[in-house]
Amino acid sequence: PRSLGEPKMNVVVFSRVAALYQAILKQCKGVQSVKFQYAAPEDPAAIRSHVQDADVLIADPNDISRLLDQHALPSAKWVHCSFAGVEKVVYHPTAKPTFILTRQAGYFGPQMAEYVLAQIINRERRFFQLHDNQKTSLWSSPQHHDMQYRLLSTLTIGILGAGDIGKKVAALCKSFGMTVWGLTRTPAQGQEKCPDIDHYRQLEGLPELLAHSDYVCGVLPSTPQTVGLLDGDVLQHCSSKKSVLINVGRGDLVKNATVIRAIKHGWLGGAVLDVFEEEPLPADSELWRMPEVVITPHCSAVSLWDEVAELFAENLKLFLAGKEMKFVVDCEKGY
């Protein structure tokens, strides 16, 4: 902890969103021994005038990565990433973080869970098709085979990644009676086990999980162990149920070409994709034109500035007190 005689700690909000700076000032009202400054990434002078002297910095992962490129964080003791994904920082090719790195977490689970459940219900109840029918004034009889649907309580979802976000997805799906499988890197034990997950598997059990799942939901972080996890012929294990892949985690979990091939081969019944190996998804990608595919622009969960400020303020108080902060990144694990 800082004593009263020490100089003020420089905290820099390095963001294109001035509203984030104002939200942080509001949340940190009354915090002592801190000097808050705002710096816009599009202002080159800001790096020299503010960032290089920052003890604490909050920024998005792309900007943190660019600052590492420029060796512009010589004084940084703690950097908070305003997004969940930190792979561009942790796996920076030339400059490894020498500071404590924390990430925005603890808020995205409910958002992503709502997205996943909404997509499942939309597909099972054929809401997209009904909306198209409305455009042409087409009345489809409920007895028509195209209008038949499955109850969620008869379906199984396999969640790849049973951490904070995966558990939120599991809880919401379980509340509708779905059977839930969860994939973890290491065996879940004690308090780590989620009561809403019926069956746990590790990586070697991935084929079994895929074979049992009507929906496969990816919420994994990007690490050397997860990149390309569903590439090759892995998705052939989905063929018995023609599973639908929902990916809201990281785009490098599976290549676009792999998803296209799996749908064409009948291994997957479709895909709901919010993340991609290249973003924005190129306009000439075949995925745009496939009727089995739903595409959204990486919006299953967004960083809401009030929530970012709330977590940052909580961690800043812990940091100033010399206590352990929330959501510290383990650079060996990558998350």
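Residues numbered from 1 in each chain as written. Predicted model: local features only at pLDDT ≥ 70, side-chain atom pairs only at ≥ 80, totals over all residues. Heavy atoms only, no water.

A. Representation of the pairing of strand β1 (residues 9-14) within the structure. Among the six residues that make up β1, six are buried, leaving the element largely enclosed by the rest of the structure. The two faces of β1 match: M9, V11 and V13 on one face and N10, V12 and F14 on the other face are all buried. Looking at chain direction, β1 and strand β2 (residues 34-39) are connected through six bridges and run parallel. Looking at β2, one finds that V12 is bridged to Q37. Between the parallel elements β1 and β2, the chain passes through helix α1 (residues 18-27) in a crossover that is right-handed. Pairing of β1 with strand β3 (residues 56-59), which is carried by three bridges, proceeds in the parallel orientation. Each residue of the ladder has a partner; that of V11, found in β3, is V56. (Buried < 20%, exposed > 50% of the residue type's maximum accessible area, 1.4 Å probe, protein only. Helix = DSSP H or I, 4+ residues; strand = E, 2+ residues; numbered from the N terminus. Pairing = 2+ DSSP bridges. Right-handed = clockwise from strand over helix to strand, strands pointing away.)

B. Spatial organisation of the packing of aromatic side chains. Here the structure, examined in full by the defined rule, presents three aromatic pairs. Ring centres of Y21 and Y38 lie 5.6 Å apart, and the angle between their planes is 40 degrees; this geometry places the pair in the tilted category. Here Y21, found in helix α1, pairs with Y38, found in strand β2; they are 17 residues apart in sequence, far enough to count as distant. Judged by its relative accessible area of 28%, Y38 falls in the partly exposed class. Ring geometry for W78 and F319: centres 5.3 Å apart, planes at 40 degrees, overall tilted. In this pair, W78 is assigned in strand β4 (residues 78-81) and F319 in helix α10 (residues 305-320), connecting sequence segments 241 residues apart. The buried category is assigned to F319, whose relative accessible area is 17%. (Phe/Tyr/Trp six-rings, centres within 6.5 Å; stacked < 30°, edge-to-face > 60°.)

C. Looking closely at the pattern of salt bridges. Here the structure, examined in full by the defined rule, presents 16 salt bridges. The closest approach of N and O atoms between D63 and R66, which form a salt bridge, is 2.7 Å. With D63 and R66 both in helix α3 (residues 61-69) and three residues apart, the pair spans about one turn of that helix. A salt bridge links E208 to R201; the shortest N-O distance between them is 2.8 Å. What makes R201 partly exposed here is its relative accessible area of 23%. Taken together, the shared-partner salt bridges connect R16, D60, D63 and R66 into one network. (Salt bridge = Lys/Arg side-chain N within 4 Å of Asp/Glu carboxyl O.)

D. Spatial organisation of the packing of helix α5 (residues 108-124) against helix α7 (residues 164-175). Their axes nearest at 8 Å, the elements α5 and α7 cross at an angle of 45 degrees. Comparing their axes, α7 and α5 come out oblique. Read as a crossing pair, α5 and α7 show a hand that is right-handed. Where α5 approaches α7, its residues F108, G109, P110, M112, A113, E114, V116 and L117 are matched on the opposing element by I165, K168, V169 and L172. Of the residues assigned to the contact of α5 with α7, the class counts are nine nonpolar, one polar and two charged. (Axes fitted to C-alpha atoms, helices over the stretch in contact; angles between N-to-C directions. Parallel < 35°, antiparallel > 145°, perpendicular 65-115°, else oblique. Left-handed = near helix turned anticlockwise from the far one by under 90°. Contact = heavy atoms within 4.5 Å. Nonpolar A, V, L, I, M, F, W, Y, C, P; charged D, E, K, R; others polar.)

E. Main features of the sheet that holds β4. With respect to topology, five strands assemble into an open sheet ordered β2-β1-β3-β4-β5, the strand pairing being parallel. For this open sheet the edge positions go to β2 and β5 (100-103), each flanked by a neighbour on one side alone. Strand-to-strand twist of the sheet, defined as the mean angle between neighbouring strand axes without regard to direction, takes the value 15 degrees. Of the strands in this sheet, β1, β2, β3, β4 and β5 are in contact with α10, which crosses β4 at around 160 degrees.

F. Structural context of the pairing of strand β10 (residues 244-247). Of the two faces of β10, the one lined by V244 and I246 and the one lined by L245 and N247 are each fully buried. Note: strand β9 (residues 215-218) against β10, four bridges, orientation parallel. When the bridges of β10 are listed, C217 appears paired with I246. Taken together, β10, helix α9 (residues 256-264) and strand β11 (residues 270-273) constitute a β-α-β crossover, and its handedness is right-handed.

The analysis is restricted to geometry; functional conclusions fall outside its scope.
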